[in-house]
Amino acid sequence: MIQFGQEIDRFNTHSVKWDHTEAIFEKEGLLPMWVADMDFKAPEPVINALKKRVEHGIFGYSMPTQETKESIQNWLRKRHDWNIDTDWIVFTPGVVPALSAAINTYTSPEDGVLIQSPVYYPFGDMIKKNNRQLVDSPLVFNGISYEMDFDDLNEKLSDPGLKMMLLCNPHNPVGRVWTKKELERLANLCLTHDVLLISDDIHFDLIYKGVTHTVISTLSKEVEQKAITCIAPSKTFNLAGMQLSTIIIPDEEKREKFNEYLGKIGFFAPNPFGLVAVEAAYNEGEEWLDNLMDYLQGNLDFLKSFIEEKLPDIKVIEPEGTYLVWLDFRKLGFSHKELETFMQDEAKLALDEGYIFGKEGEGFERINIACPRSLLKEGLERLETALNNKL
């Protein structure tokens, strides 16, 4: 029986979320609901496979086998209706390193790279730290959810100096799962203006009922050859610490250039435990994932009901995917710095502040609901008490 409701003590496990929150936030007593990992045990088949590997006792350099690649190939075919060739697969120690590698591989310092804020902040960090030109086409908030600004996208993608776009699908932090129609419009713009599309689909297995996720590369063979897709089992199965992601590059020339760059930085041997975990998760983790999504839906429903009943001045931007929820605090009238101080000093919550995702995120907070419902309840009650004392 999968016990997602069980609280598990994560202290003294080198956990960024639990052991290091005090040092990172420089505050004591905060309940960590920020960084995107889950407070749930990984699937039992993954744990058993890792135990068996540990018991072998030798942890030398490792390389993926054909079986490793086929586990990914089969998962993509079954869950996402995408038939890939195993030769298209490249492994990296994470999606963010892959974004950095792609920026270095396919662009020059004077080139522009486009993002859609508010967006996962390492997107902008990787562009700026690699001395590329950051171009932003902000999403449009319609009062309920977010939309792409296709007129603005067309204008900015048409600039001959803009060479790459970083797409987030499902979108972190606003929770949108872009529709097939939206992706078709975006893909046509990238094809028309010869812009390489890097799609971060790391949350693509975490989709709520009634919503369909589309991998943009499945739209057509032409799009498939022009796009690069980044995935990983890390969000799906809570394996972020395994440091292993899959980058799917159908175009052979692009793939060779990417591998050449990985060689330049000395990456050649993935984490052996990551390889074991990937195979076990994709081969035997489907039932666990389906149960996880049921539990996350329950957490989302609880969050919505609690806020509607007890915190009506806060607006939930309901996610279509991910276990991250975007909360709108703007009605309370705090500046973004006042909101940050309130959350940490009065509510005693460690959330991700909206402004770190871009200026458009000011007045918002991102909360991680992938935890036992008792912890989610505690966090919301802390927020309720602090607001009642404040207002």
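From a predicted model like this one, the values you see are computed outputs, not experimental measurements.

## Thoughts on the UniProt feature "domain: Aminotransferase class I/classII large" (unreviewed entry) in the protein chain
Part 1 of the argument: The feature "domain: Aminotransferase class I/classII large" (unreviewed entry), as given by UniProt, occupies residues 39-383 in the numbering adopted here.
Part 2 of the argument: For residues 39-383, the end-to-end C-alpha separation is 20 Å, with 44% helix and 16% strand making up the annotated structure.

## Digging into the sheet that holds strand β7 (residues 162-168)
Two pairing modes exist for strands in a sheet, parallel and antiparallel, and in both the strands are linked by backbone hydrogen bonds.
Part 1 of the argument: Read across the sheet, seven strands follow the order β2-β10-β9-β8-β7-β3-β4 without closing on themselves; strand pairing throughout is mixed. On the outer flanks of this sheet lie β2 (89-92) and β4 (133-136), each paired with one strand and no other. On average, each strand axis in the sheet is inclined to that of its neighbour by 25°, with strand direction left out of account.
Part 2 of the argument: Inspection of the sheet shows strand β3 (residues 112-115) paired to β7 by three bridges, in the parallel sense. For L114, the partnering residue across the bridge sits in β7 and is M165.

## Brief notes about the layout of surface pockets
Part 1 of the argument: Computed from the structure, the largest pocket encloses a volume of approximately 1200 Å³.
Part 2 of the argument: Along its surface, the largest pocket is lined by 44 residues, and D37, N238, L239, A240 and G241 are the ones closest to its centre.
Part 3 of the argument: Only α3 (44-56), α5 (95-106) and α10 (233-237) provide two or more residues apiece to the lining of the largest pocket.
Part 4 of the argument: Ranked by residue count, the leading element in the lining of the largest pocket is α5, at three residues.
Part 5 of the argument: Residue composition of the lining of the largest pocket, grouped by class: 24 nonpolar, eleven polar and nine charged.
Part 6 of the argument: When residues of the lining of the largest pocket are assigned to domains, at least three map to each of domain 1 (16-43 + 285-390) and domain 2 (59-284).

## Focus on the pairing of β7
Part 1 of the argument: Within β7, six of the seven residues are buried, leaving the element largely enclosed by the surrounding structure.
Part 2 of the argument: Between the parallel elements β7 and strand β8 (residues 196-200), the chain passes through helix α8 (residues 180-192) in a crossover that is right-handed.

## A few points about the sheet that holds strand β15 (residues 364-368)
Part 1 of the argument: Here four strands make up an open sheet; going across it, the order is β11-β12-β15-β14 and the pairing antiparallel. Two strands bound the open sheet, and with one partner strand each, they are β11 (315-317) and β14 (352-353).
Part 2 of the argument: Across two bridges, β14 lies against β15 in antiparallel orientation. Bridge pairing in β15 places D352 opposite R366.

## Focus: unusual backbone geometry
Part 1 of the argument: A cis amide bond, omega 0°, links S117 with the succeeding residue P118.
Part 2 of the argument: Residue position: P118 is located in the loop between β3 and α6 (122-129).
Part 3 of the argument: The backbone of N12 sits at a positive phi, close to 65°, despite the residue not being glycine.
Part 4 of the argument: In this fold, N12 is placed in the segment before α1 (16-19).
Part 5 of the argument: Under the relative-accessibility criterion, N12 is labelled exposed at 73%.
Part 6 of the argument: Located in the positive-phi region is Q243, a residue other than glycine, with phi close to 55°.
Part 7 of the argument: Relative to the assigned elements, Q243 resides in the loop between α10 and β10 (245-248).

## Some words on the packing of aromatic side chains
Part 1 of the argument: Per the stated rule, a full pass over the model turns up 21 aromatic pairs.
Part 2 of the argument: Centre to centre, the rings of F141 and Y146 are 4.8 Å apart; their planes meet at 35°, and the pair counts as tilted.
Part 3 of the argument: For Y146, a relative accessible area of 3% translates into the label buried.
Part 4 of the argument: Linked through ring pairs, Y120, Y121, F123, F141, Y146, W326, F357 and F364 together constitute an aromatic cluster.
Part 5 of the argument: Lying across the ring of F150, R185 places its NZ or CZ 4.0 Å from the centre.
Part 6 of the argument: A cation over an aromatic ring shows up here: R373 above the ring of Y295, its NZ or CZ 4.5 Å from the ring centre.

## Let's talk about the domain arrangement of the protein chain
Part 1 of the argument: For the protein chain, the domain assignment lists domain 1 (16-43 + 285-390) and domain 2 (59-284).
Part 2 of the argument: Put simply, the middle of domain 1 and the middle of domain 2, counted by C-alpha atoms, are 26 Å apart.
Part 3 of the argument: Domain 1 puts 37 residues into the contact, and the matching count from domain 2 is 39 residues.
Part 4 of the argument: Per-residue buried area on domain 1 facing domain 2 is highest for E320, T322 and F357; these three make up 22% of the total on that side.
Part 5 of the argument: Taken together, the links from domain 1 to domain 2 amount to five salt bridges.
Part 6 of the argument: Close ionic contact of E286 with R79 constitutes a salt bridge, the shortest N to O distance being 2.9 Å.
Part 7 of the argument: Among the secondary structure elements, those contributing two or more residues to the side of domain 1 that touches domain 2 are α13 (286-310), β11, β12 (324-328) and β15.
Part 8 of the argument: The element best represented in the side of domain 1 that touches domain 2 is α13, accounting for ten residues.

## Here's the deal with the packing of helix α4 (residues 66-80) against helix α12 (residues 272-284)
Part 1 of the argument: At a closest axis distance of 9 Å, the pairing of α4 and α12 adopts a crossing angle of 35°. Handedness of the crossing formed by α4 with α12: left-handed. Residues E67, T68, S71, I72 and W75 of α4 form the contact with α12, whose own contacting residues are L275, V278, E279, A281, Y282 and N283.
Part 2 of the argument: In terms of residue class, the contact of α4 with α12 is built from six nonpolar, three polar and two charged.

## Concerning α3
Part 1 of the argument: The end-to-end C-alpha separation of α3 is 19 Å, in line with the 18 Å expected for 13 residues at 1.5 Å each.
Part 2 of the argument: Burial in α3 covers these residues: V46, L50 and R53. Seen from one end, α3 has its buried residues packed into an arc of 60°, which puts them on one side. Of the exposed residues in α3, the ones pointing more than 90 degrees away from its buried face are K52 and E55.
Part 3 of the argument: Residues of α3 that are buried make contact with α12.
Part 4 of the argument: At the C-terminal side of α3, G57 shows a positive phi close to 90°.

The rules behind each value
- Residues numbered from 1 in each chain as written.
- Predicted model: local features only at pLDDT ≥ 70, side-chain atom pairs only at ≥ 80, totals over all residues.
- Heavy atoms only, no water.
- UniProt positions renumbered as here; feature names shortened; annotations may be inferred.
- Helix = DSSP H or I, 4+ residues; strand = E, 2+ residues; numbered from the N terminus.
- Pairing = 2+ DSSP bridges.
- Axes fitted to C-alpha atoms, helices over the stretch in contact; angles between N-to-C directions.
- 1 Å grid on protein atoms, 1.4 Å probe; cavity = no way out; pocket = protein on both sides within 12 Å on 5 of 7 lines; lining within 4 Å.
- Points joined across faces, edges and corners; volume = space filled by probe spheres on them.
- Nonpolar A, V, L, I, M, F, W, Y, C, P; charged D, E, K, R; others polar.
- Domains from an automatic or database assignment.
- Buried < 20%, exposed > 50% of the residue type's maximum accessible area, 1.4 Å probe, protein only.
- Right-handed = clockwise from strand over helix to strand, strands pointing away.
- Phe/Tyr/Trp six-rings, centres within 6.5 Å; stacked < 30°, edge-to-face > 60°.
- Lys NZ or Arg CZ within 6 Å of the ring centre and 35° of its normal.
- Contact = heavy atoms within 4.5 Å.
- Buried area = accessible area lost by both parts, 1.4 Å probe.
- Salt bridge = Lys/Arg side-chain N within 4 Å of Asp/Glu carboxyl O.
- Left-handed = near helix turned anticlockwise from the far one by under 90°.
- Expected span 1.5 Å × (residues − 1).
- Arc of directions from axis to C-beta.

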